[in-house]
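Structural overview
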Amino acid sequence: MSAVEVPTEKWTGKIHEVKLGGNGRKSVVVGGENMLPFLHFEGKIPNKPIIAIEVQDRNPTDWSPHLISVWGDVLADPGAWAKKAVEYGADIIALRLRSAHPEEANTGASEAKKSVDTVLSAVDVPVIVLGPGVAEKDNEVLVAASEAAKGQRIALGNCEEKNHRTIAASCLADGHIAIAKTPIDLNLAKQLNILLCDVGLSTDSILMDPTTGALGYGIEYCYSVMERLRLAALGGDNMAAMPMFCSAGEETWRQKESKITEGLPPTWGDHLERSLTWEGITAIMLLNAGANIIALRHPDTVTLAKASIDKLMSA
Amino acid sequence: MALTGIEIYKFLPKTNCKECGFPTCLAFAMKLAAKGVELSLCPYLSEESKQALESASRPPIRLVTIGTGDRKIGVGNEVVMFRHEKTFYNPPAFIVQIKDTDSTDDVAKIVDEVSSYSVERVGLELKLNGIAIENASNNGDNFVKCVALVKSKTDLPLILMSNNPSVMDQALEKVAEAKPLIYAATKENVDQMVELAKKYQCPLAVYEPAGLSELAELVTRVTEAGVEDVVLDPGAREFGQSLSALTQIRRLAIKKSFQPLGFPVITFPGQGSGGIEEEAVLAGQQVAKYAGVIVLDRFTPGVVYPLLTLRLNIYTDPQKPIQMTPGIYEIGKPTKESPLCVTTNFSLTYFSIAGELESSGFPAWLMVCDTEGLSVLTSWAAGKLDADKIAKTIKEFNVADKISHRNIIIPGGVAVLRGELEEELPDWKILVGPRDAVDVGGFLKKQ
Ligand code: B12
Ligand code: SF4
């Protein structure tokens, strides 16, 4: 019998490369692959996916007890938290300016600048700064963050359709990257990328966040939309070819399976084991769908995800 | 490869005799292409045409059944590479492996736990699918004893794992009528294993780690010898190897109609990973990337529950979210004074809030609006949950007659609906509940 021919696909497209950091700070490049995730037999993946650890500018007292106990004191100090995150293996820090949320402390530009300064001087890895997720507030604090980090090539999110002009202008002025966030929809994602290019951002300065749903809470929709985006990109659609950022830790740890500790059925198993598996499985699904940066919360999941990535890279 | 209606039409008699129940041969061909009817409805097909059409309509990945009775499993029969292209049909079986060197007590305990494990999610009971018994002792008597013990304790499908044909024969003699999967035929034992599969009419796994060409060759030997129910083990254990090998097998089967590899694949994530969490993560990858049978080294609810949830997610038809029938549901035994809550008919949403209402201890009425299976925020954003919809649902199900009060609790996520609702329902008081279902108990207590 004749040998089986390896069934490869001939892709014409390639994911744009985006470099974060640099200019005195460590740098990392994501993207550049010209094949489906980790299928080394049909292409090249020059830069492996990286793991971000989420840091908040405000002590997250409502977090799961497992997160609170593993991070301990540093939760009250974003600088110390970021440092410890790097020790735990973070390739990059994702700083969430949560205190700016109108339902939290509703803080503004000056507090944002301070938090960003603190984290930037505490660590030398690249940084992502995320607003509270409310477009008007995102504008206010991200513009401040952008100025504070001028030249350090951080990534700023959320950049949504509503506020894309403001965020893009900041990115252009200060040399940063926009994280274009759209709700689980191929066309909306492409459209926002087009808008960003129209206002002058180049493809090496855009990441996209196609929206993450946790395992059990919409992961299948996110997985499929990411697969479709990746297929479109490899098929040659430049406006679908931005590297993808996914906020897996945030989504999984807010679900009942990870957050609630009492009154759960015994069939749900050990709380910590379940929570870690919940975050780990969410991460591996996103990796297999093409994620380039995944933000996580628990150090053990970070170790697990990084080990999985290394094994996926070395095959 | 599936044929189009026109391609099928070429094989039909083209007499339009209507005996198949269709007005023309072409209409029948179209229906065949859509897989809506059986070929046998046309009595006038030539033998050649029949053969050609049957082999063309053979599923690219064979459906293989393991076990018998209520809990038997069918794996394979997938038709796409990506779930968005259509859907994934037959969820991979989760099997827990034990060894014949484990103590009798341990075996009995695990088998009981695995058989009875059942966890509820979105109103469905999620379960494990079988037990694999490994002949780790290398001793025939031990294996047969262990297999018999497992069989006596469970109706779950079994996988018998031994490369020794005579040991396998002894075990099959005891349990063959339960149609276990024989694991595995290898280059060394293939002829004897094929004989056993034929003699006992059981499915056969084929293990060949040397490469897909070698695997295909071995499978061809097996199928040519008359065994059709085959499960493939390419021996690719780690994350990357598994992804590559399983993707290639799936592509060859689906896109190239390569029959020697048109069978479901078995994986052993525990062998390709460091600890239980890594095993779970690798098993997760294999749910999506292309396993038919997943054998876990260990049984632990803390990893099994997330895995079963993932399987449910990935194997849900992307075109049809799991939905509830709209209407008014009783939680506990509500009276005319009990609170009234509103939610959507996405199953996940319904069961999230229904579950929390139930465990809060307050009986309640839960009104489910038809949002075409979308969650609270998604349906609001899509314009499918608004004041008008809520008011209409109240009317449609005569909700006002069931209660004496006029208070309605809406999910906190759609607090913005309050104003609209106050206008739409002037006699009602609109209460904004918490954003997360888990907080509903505390909320009701305060009311
Ligand atoms: C999966 C998903 C989808 C899936 C649909 C899944 C489905 N069947 O509903 C798809 C991909 C189809 C989708 C589409 C869209 N989506 Co969508 N989607 C999500 C995602 C990832 C998860 C939603 C989910 O399943 N949640 C789980 C369920 C259980 O939550 P829930 O229904 O809200 O229920 C909870 C509570 O509300 C509460 N609750 C429920 N009932 C009740 C009742 C009472 C009385 C109380 C007190 C509490 C309560 O209990 C539950 C648990 O706490 C979220 C983002 C995210 N990460 O959460 C976005 C999200 C909901 N989507 C969003 C949008 C905008 C859309 C689109 C409009 C985008 C577009 N323009 O195309 C479309 C609309 C659909 C359409 N046009 O048909 C936005 C909504 C923005 C907003 N705040 O309004 C979100 C938040 C994403 C974002 N950040 O932008 N989406
Ligand atoms: S029964 Fe056969 S020959 Fe007659 S119309 Fe149908 S397809 Fe054509």
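Residues numbered from 1 in each chain as written. Chains lettered and ligands numbered in written order. Predicted model: local features only at pLDDT ≥ 70, side-chain atom pairs only at ≥ 80, totals over all residues. Heavy atoms only, no water.

Another point: the sheet that holds strand E6 (residues 130-134) of chain B. All names here are of chain B. Read from one edge to the other, the open sheet built from eight strands follows the order E10-E9-E8-E7-E6-E3-E12-E11, with strand pairing classed as parallel. Two strands lie at the open edges of the sheet, namely strand E10 (230-233) and strand E11 (266-267), each paired on one side alone. Across the sheet, helix H5 (residues 140-153) touches strand E3 (93-99), E6 and strand E7 (158-161), and the angle it forms with E6 is around 170 degrees. This element, helix H10 (residues 276-288), spans E3, E11 and strand E12 (293-296) of the sheet and lies at about 175 degrees to E12. (Pairing = 2+ DSSP bridges. Helix = DSSP H or I, 4+ residues; strand = E, 2+ residues; numbered from the N terminus. Contact = heavy atoms within 4.5 Å. Axes fitted to C-alpha atoms, helices over the stretch in contact; angles between N-to-C directions.)

On the surface, B:Ile6, B:Leu26 and B:Met30 cluster together into a nonpolar patch covering about 240 Å² of accessible area. Residue placement: B:Ile6 occurs in helix H1 (residues 5-9). (Patch = residues over 30% accessible without salt bridge, like charges linked within 9 Å, V, L, I, M, F, W, Y side chains within 5 Å. Areas by Shrake-Rupley, 256 points an atom, 1.4 Å probe, with all protein chains shown as cover. Salt bridge = Lys/Arg side-chain N within 4 Å of Asp/Glu carboxyl O.)

Glancing now at the interface of chain A and chain B. Contact residues are listed per partner, giving 50 residues for chain A and 54 residues for chain B. Interface area for chain A against chain B, summed over the two sides, is near 4400 Å², with a carbon-plus-sulfur share of 64%. Seen at the junction of chain A and chain B, the total is eight salt bridges. Taken together, the connections running from chain A to chain B amount to 16 residue pairs in polar contact (both at pLDDT 80 or more). Listed by contribution, the elements that provide at least two residues to the side of chain A that touches chain B are helix H7 (219-234), helix H9 (256-259), helix H10 (271-289) and helix H11 (299-314) of chain A. In terms of residue count, the dominant contributor to the side of chain A that touches chain B is H10(A) (10 residues). (Buried area = accessible area lost by both parts, 1.4 Å probe. Polar contact = N/O pair within 3.5 Å; in protein donor to acceptor, adjacent residues only side chain to side chain.)

Look at the link from A:Gly157 to A:Asn158: it is a cis peptide, with omega at 0 degrees. A cis geometry characterises the amide bond from B:Tyr183 onward to B:Ala184, with omega recorded as 5 degrees. Mapping B:Ala184 onto the fold places it in strand E8 (residues 181-185).

With that settled, consider the site of ligand 2. All residues in the neighbourhood of ligand 2 are listed as B:Pro13, B:Thr15, B:Asn16, B:Cys17, B:Lys18, B:Glu19, B:Cys20, B:Cys25, B:Phe28, B:Cys42 and B:Pro43. Across the shell around ligand 2, the residue classes break down as seven nonpolar, two polar and two charged. (Near = heavy atom within 4 Å. Nonpolar A, V, L, I, M, F, W, Y, C, P; charged D, E, K, R; others polar.)

So, on to the packing of helix H4 (residues 135-148) of chain A against helix H5 (residues 164-174) of chain A. Residue and element names in this part refer to chain A. Between H4 and H5, the shortest axis-to-axis distance is 9 Å and the interhelical angle comes to 5 degrees. When the interaxial angle is binned, H4 and H5 end up roughly parallel. Contacts between H4 and H5 involve Asp138, Asn139, Leu142, Val143, Ser146 and Glu147 from the first element and Thr166, Ile167, Ser170, Cys171 and Asp174 from the second. In terms of residue class, the contact of H4 with H5 is made up of four nonpolar, four polar and three charged. (Parallel < 35°, antiparallel > 145°, perpendicular 65-115°, else oblique.)

What the rule picks out here adds up to 37 salt bridges over all chains. With a shortest N-O distance of 2.6 Å, A:Glu9 and B:Lys255 are connected by a salt bridge. With A:Glu9 in the segment before strand E1 (18-21) and B:Lys255 in helix H9 (residues 239-255), this residue pair bridges two chains. Note on A:Glu9: relative accessible area 22%, which makes it partly exposed. Residue A:Glu104 pairs with A:Arg58 through a salt bridge whose shortest N-O separation is 3.0 Å. In this pair, A:Glu104 is assigned in the loop between strand E4 (92-96) and helix H3 (109-122) and A:Arg58 in the loop between strand E3 (50-56) and helix H1 (65-71), connecting sequence segments 46 residues apart. On the accessibility criterion, A:Arg58 (24% relative accessible area) is partly exposed. (Buried < 20%, exposed > 50% of the residue type's maximum accessible area, 1.4 Å probe, protein only.)

Residue and element names in this part refer to chain A. Judged by which residues are buried, strand E2 (residues 27-30) turns out to be one-sided: Val28 and Val30 face inward and are buried, whereas Ser27 and Val29, on the alternate face, are not. Two strands pair when backbone bridges link them, and E1 and E2 are joined in this way by four bridges, in the antiparallel orientation. By the bridge assignment for E2, Val18 is matched with Val30. A loop of five residues connects E1 with E2, the two strands running antiparallel in sequence, and Gly22 in this loop sits at a positive phi of about 95 degrees.

Turning next to helix H6 (residues 186-198) of chain A. Each α-helix turn comprises 3.6 residues. Residues three or four places apart therefore point the same way. Residue and element names in this part refer to chain A. Helix length check: H6 (13 residues) gives 18 Å between terminal C-alpha atoms against 18 Å at 1.5 Å per residue, within 8%. For H6, the set of buried residues is Leu186, Ala189, Leu192, Asn193 and Leu196. On an axial view of H6, the arc spanned by its buried residues comes to 140 degrees, and they lie on one face. Against the buried residues of H6 lie strand E6 (155-159), H5, strand E7 (177-181), strand E8 (206-209) and H7. The distance from a side-chain oxygen at the start of H6 to the backbone nitrogen of Asn187 is 3.0 Å, and the residue carrying that oxygen is Asp185. Once H6 ends, the next one or two residues include Gly200, with phi positive near 110 degrees. (Expected span 1.5 Å × (residues − 1). Arc of directions from axis to C-beta.)

This brings us to the site of ligand 1. In the vicinity of ligand 1, 38 residues are found, and the nearest of them are B:Thr343, B:Thr349, B:Ser375, B:Val376 and B:Trp380. In this structure, ligand 1 is bordered by residues of chains A and B. B:Thr349 places a side-chain nitrogen or oxygen 2.6 Å from an oxygen atom of ligand 1. Sorting the residues of the shell around ligand 1 by element identifies strand E14 (340-344), helix H12 (347-360), helix H13 (376-381) and strand E16 (407-410) of chain B as the ones contributing at least two each. Per element, the largest residue contribution to the shell around ligand 1 is five residues, and it comes from H13(B). Residues that form the shell around ligand 1 fall into these classes: 22 nonpolar, 10 polar and six charged.

A few words on helix H14 (residues 387-396) of chain B. Residues and elements named next belong to chain B. Along H14, the positions that sit buried rather than exposed are Ala387, Ile390, Ala391, Thr393 and Ile394. One face of H14 carries all of its buried residues, which in axial projection span an arc of 160 degrees. Turned more than 90 degrees away from the buried face of H14, the exposed residues are Lys392, Lys395 and Glu396. Packed against the buried residues of H14 are E14, strand E15 (364-369), helix H15 (399-402), E16 and helix H16 (417-424). Backbone geometry just downstream of H14 places Asn398 in the positive-phi region, at approximately 45 degrees.

Partitioning chain B into domains gives domain 1 (5-57), domain 2 (64-314) and domain 3 (327-446). Taken over C-alpha atoms, the centre of domain 2 of chain B sits 44 Å from the centre of domain 3 of chain B. (Domains from an automatic or database assignment.)

With that settled, consider the nonpolar core. A:Ile93, A:Val129 and B:Ile133 are the most contacted members of the largest nonpolar core, which totals 172 residues. Once residues lying within four places of it in the same chain are set aside, the contact partners of A:Ile93 are A:Ile53, A:Val55, A:Ala82, A:Ala85, A:Val86, A:Val119, A:Val123, A:Val125, A:Pro126, A:Val127 and A:Ile128. The next biggest cluster of nonpolar side chains, apart from the first, holds 21 residues, and it includes B:Trp365, B:Ile410, B:Leu417 and B:Ile430. (Core = buried A, V, L, I, M, F, W, Y, C linked by side-chain atoms within 4.5 Å.)

Time to look at the side chain of A:Arg153. All names here are of chain A. In this structure, Arg153 sits in the loop between H4 and E6. There is no salt bridge for the buried Arg153, and the closest opposite charge comes from Asp204, which lies 4.2 Å off by N-O distance. Among the polar contacts made by the side chain of Arg153, one reaches the main-chain carbonyl oxygen of Lys19 at a distance of 2.7 Å. Excluding residues that lie within four positions of it along the chain, Arg153 makes contacts with Lys19, Leu20, Gly21, Gly175, His176, Ile177, Asp204 and Ser205. (Lys, Arg positive; Asp, Glu negative; His and termini not counted.)

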